[in-house]
Structures are given as C-alpha cells and as structure tokens.
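Below, each chain spelled out in residue letters.
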Amino acid sequence: MSNILVTGGAGYIGSHACKALKVAGFTPVTYDNLSTGWEQAVRYGPFEQGDLTDRARLDQVFAAYRPEAVLHFAALSQVGESMREPGLYWHNNVAGSLCLFEAAVQAGCLKVVFSSTCATYGDQDNVVLDETSDRNPINAYGGSKRAIEDILRDFEAAHGLRHVIFRYFNVAGADPEAEVGEFHQPETHLIPLILEAIAGRRDALTIFGTDYDTPDGTCIRDYVHVMDLVDAHILGLRWLQDDRQSRVFNLGTGSGFSVREVIDRAEAITGKTVPVIEGMRRPGDCTKLVSGSTRAMTELGWAPERSSLDRMIGDAWRWYQTGHYTK
C-alpha cells in the first residue's frame, strides 16, 4: 500500500482523512506537533511527531516512508486569534507550508492535496461562491491560506509539484462509528458548542446577532459533513494519481443553515433543550456565506451525501456521548 503523509493527522479533519485513506487502501502516516491535535486520534497508521518548520525532521520522515503524496491539513485556524496574533499564522501556516513543500520536492514527492478555506474569498456576503470568485481575505487566517495557494502555484511552475486545493467553510459531524470525532480545546464551532450547552458543560450557547436579514434573524452558514469532506480529499488524491492537472475545488452545499435552524434540529435530535443567550453581532460576521461545489461534483464526481443537519448533528452527538481525548 502506498504511504500518504498526512500533516495534521491528529486533528479533527486529518484523523477522519486517515480513516478514509486506510479504507481506500493507503497507509496514512500522521505528522503532527500535537499543539491542537490528539495522539489518541492516530489510529490508522504510523505517527511521527514533529513541527512543519522543522526541516530536518521532515527530511527524516520523507526518507523513512517515501510517501507518494501529501495531504496537508496542519494549520492554525482560528479567525479571531489570527487577527490578534497574525505573526503566529504567517509563521506556522505559511513558513511551515513552505518548509513542507521544499522537503517534498527534495524527496521527489510531487503530489499535494491542500486543505484551504473559503476565507480566502473574504467578505462576499450573500452570494454563492465558486472557484472564480475574487480572493480578498479579510483576516490573517484567510491571508495565510491564500499565500500557501500561491506558493503551490509557483512550486508547480518551478518544480512540477502538482496539487489539488479544496476551499470550504464549516465542517461538522463525526465518524459514524465514533472512532474519531471533533474535540477542540477551547471549542469554537457551533455544533459542539450546542452539545456542550445541552450536556451542561457550558452555561449557555451565545447567539451572536439576531437581527440579520434572514428568515429568523440569525446568520446562515454552509456546513459539510466531515466524512463527505474527506471523501473529496481521496478523490483529489486519485485525481493526481491519474496525472491530471492541478485544480481548485470549492466544497459546499450551496445553501446553508441558520444558527437557529441548527439549534432547533439539535433539540429535536437529542431531545434536550439548548440554553441560549442572545448576544450582539461580532465584527466581521456576514449575513450569509455559502459555497457552491458544481466543479467538484462534475469533475471529481463528489457529492455531499451525508451533509444534512440531522446526519451531521446525529453523528456529532453519538461521538460527543462516547468519545473524548486527553493529553
């Protein structure tokens, strides 16, 4: 079986990608510094601890496993933090990715599937984004991801490093078998925050803004089930194995759900009430952010089949009741 290097493989999306790789017949090799990931989430292949900026360590791992490709998830990803401490994001995300790509090129590993973000598009409110939308990020997180995309473009021109880039917004749900799941500390994502409030692990869920121009006054976001998302990454890997050209794909449903819709479905699925506090809008929050995925559907054959609210919340709730990681 071909080895695939998975940076950030101990994190939420990366651990699910490792399971999908294993099912698809690959051996995932996790490379993670455990700053936000969990060693207990590494269940499907070897684990190598290391930092993206540690070139000597990367060279060791490339030499030991000779991976066919890299699935690159490792990144800091909190928008608010990126605005307070942009240097962290440019150092970790951009400098770290540059170091990774240089090591990959030297090792002759010339296929990269990159986990980017629709935050590269910036503040384009109430439109369905596609791959041709202008990239004008409004925070250091989105800016760092745009910079990495540009590095990949230049490395392909200079070194033949082919790549598939995926841009997406909100990932939700968990492995249906609850072997791995979503567990951040601190938690910032809506569905696990709802589950924490239901379970009494936080006093209440704060809704940031109830006066948006939407049917129920709360903002709307596009959600994709984590297993649908990692399926796309496997398809992206196959795309590169077939010697196809580098390509960018958005991943989304093109519609989205409001905060109140997510709360209502969580109450219905769990049979429990979500305690809520209505707060003020947060600076920079848009009314509606959704991403189309026509290109991914037509060219990759991808479909977000699991990305219903009931499925995402149900799988997340199953994981939440049984699975947590500890340092």
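Here goes a summary of the coordinates provided. (Residues numbered from 1 in each chain as written. Predicted model: local features only at pLDDT ≥ 70, side-chain atom pairs only at ≥ 80, totals over all residues. Heavy atoms only, no water.)

## So, the sheet that holds strand 13 (residues 257-258)
Filter applied, for reference: DSSP-based pairing: two strands are paired if at least 2 bridges between them are found. Working definition: helices are DSSP H or I runs of at least four residues, strands are E runs of at least two. Numbering for both runs from the N terminus.
The mixed open sheet is built from four strands, whose spatial order is 6-15-10-13. In the strand order of this sheet, the two ends are held by strand 6 (128-129) and strand 13, each with one partner. Examined bridge by bridge, strand 6 and strand 15 (residues 288-291) share two bridges and lie parallel to one another. By the bridge assignment for strand 15, Val128 is matched with Val290.

## A few points about the nonpolar core
Keep this limit in mind: Here, nonpolar core refers to any group of buried Ala, Val, Leu, Ile, Met, Phe, Trp, Tyr and Cys residues whose side-chain atoms link them within 4.5 Å. Exposure is judged per residue with a 1.4 Å probe applied to protein chains only, and the accessible area is read against the type maximum: over 50% gives exposed, under 20% gives buried, and values in between give partly exposed. Residue contacts are counted whenever heavy atoms from the two residues lie within 4.5 Å of one another.
Ile4, Ile13, Leu21, Phe166 and Leu251 are the most contacted members of the largest nonpolar core, which has 40 residues in total. Sort the elements by how many residues they give to this core and helix 7 (residues 226-241) lands first, with nine residues. Setting aside chain neighbours within four positions, we find Leu21 in contact with Ile4, Val6, Phe26, Pro28, Leu71, Ile234 and Leu237. Within the second largest apolar cluster, 26 residues are counted, among which are Val29, Phe114, Ile148 and Phe155.

## A closer look at the packing of aromatic side chains
To be explicit about the condition: To pair, rings of Phe, Tyr and Trp, with the six-membered ring standing in for Trp, must have centres within 6.5 Å; the planes then decide the type, stacked if under 30 degrees apart, edge-to-face if over 60, and tilted in the middle. Two thresholds decide whether a charge sits over a ring: the Lys NZ or Arg CZ must be within 6 Å of the ring centre and within 35 degrees of the ring normal.
A complete count under the given rule lists five aromatic pairs for this structure. An angle of 40° between the planes, with centres 5.2 Å apart, marks the rings of Trp38 and Phe183 as tilted. Of this pair, Trp38 sits in the loop between strand 2 (27-32) and strand 3 (47-49) while Phe183 is found in the loop between strand 8 (170-172) and helix 6 (190-198), placing the two residues 145 residues apart along the sequence. Both residues of the pair, Trp38 and Phe183, count as buried. Ring pairing ties together the aromatic residues Phe166, Trp239 and Phe249, which thus form one cluster. One cation-aromatic arrangement involves Arg244 over Trp239; the distance from NZ or CZ to the ring centre is 3.8 Å. For the cation-ring pair, Arg281 lies above Tyr212, with the distance from its terminal atom to the ring centre recorded as 4.0 Å.

## Some words on the side chain of Arg221
Residue position: Arg221 is located in strand 10 (residues 220-221). Not counting residues up to four positions away in its chain, the partners in contact with Arg221 are Asn170, Gly256, Phe257, Asp285, Cys286, Thr287, Lys288 and Leu289.

## So, helix 7
The line we're drawing: Expected helix span is given by 1.5 Å per residue-to-residue step, counting one fewer step than there are residues.
Here helix 7 contains 16 residues, and its C-alpha end-to-end distance of 23 Å stays within 8% of the 22 Å for a straight helix at 1.5 Å per residue. For helix 7, the buried fraction is high: 12 of the 16 residues fall into the buried class. By the burial criterion, the buried members of helix 7 are Val226, Met227, Asp228, Leu229, Val230, Ala232, His233, Ile234, Gly236, Leu237, Trp239 and Leu240. Looking one or two residues beyond helix 7, the residue adopting positive phi is Asp243, at roughly 60°.

## Quick notes on the packing of helix 2 (residues 55-65) against helix 4 (residues 86-107)
We count it as follows: Lines fitted to the C-alpha atoms define the axes, with helices restricted to the stretch that makes contact. Angles between their N-to-C directions range from 0 to 180 degrees. Helix crossings get a hand from a simple test, with the near helix turned counterclockwise from the far one by less than a right angle marking a left-handed crossing and a clockwise turn marking a right-handed one. For this scheme, ten residues count as nonpolar: Ala, Val, Leu, Ile, Met, Phe, Trp, Tyr, Cys and Pro. Four count as charged, namely Asp, Glu, Lys and Arg, and the remainder, Gly too, count as polar.
The interhelical angle for the contact between helix 2 and helix 4, taken along N-to-C directions, is 40°, at an axis separation of 10 Å. As helix 2 runs across helix 4, the sense of the crossing is right-handed. Contacts between helix 2 and helix 4 pair Arg55, Leu58, Asp59 and Phe62 from the former with Cys99, Leu100, Glu102, Ala103, Ala104, Gln106 and Ala107 from the latter. Counted by class, the contact of helix 2 with helix 4 contains seven nonpolar, one polar and three charged residues.

## Some thoughts on the side chain of Ser291
Take Ser291: it is sitting in strand 15. A relative accessible area of 0% means that Ser291 is categorised as buried. Those residues in contact with Ser291, other than ones at most four positions away along the chain, are Cys118, Val128, Leu129, Arg167, Phe169, Asp222, Asn250, Leu251, Gly252, Thr253 and Gly254.

## A look at the sheet that holds strand 1 (residues 3-7)
In space, the seven strands of this open sheet follow the order 3-2-1-4-5-7-12, with parallel pairing throughout. Each end of this open sheet is capped by a strand with a single partner; those strands are strand 3 and strand 12 (247-251). Neighbour-to-neighbour, the strand axes of this sheet turn through a mean angle of 20°, independent of strand direction. Both strand 5 (residues 111-115) and strand 7 (residues 162-168) contribute to a ladder of five bridges, which runs parallel. Directly across from Lys111, in strand 7, lies its bridge partner Arg162.

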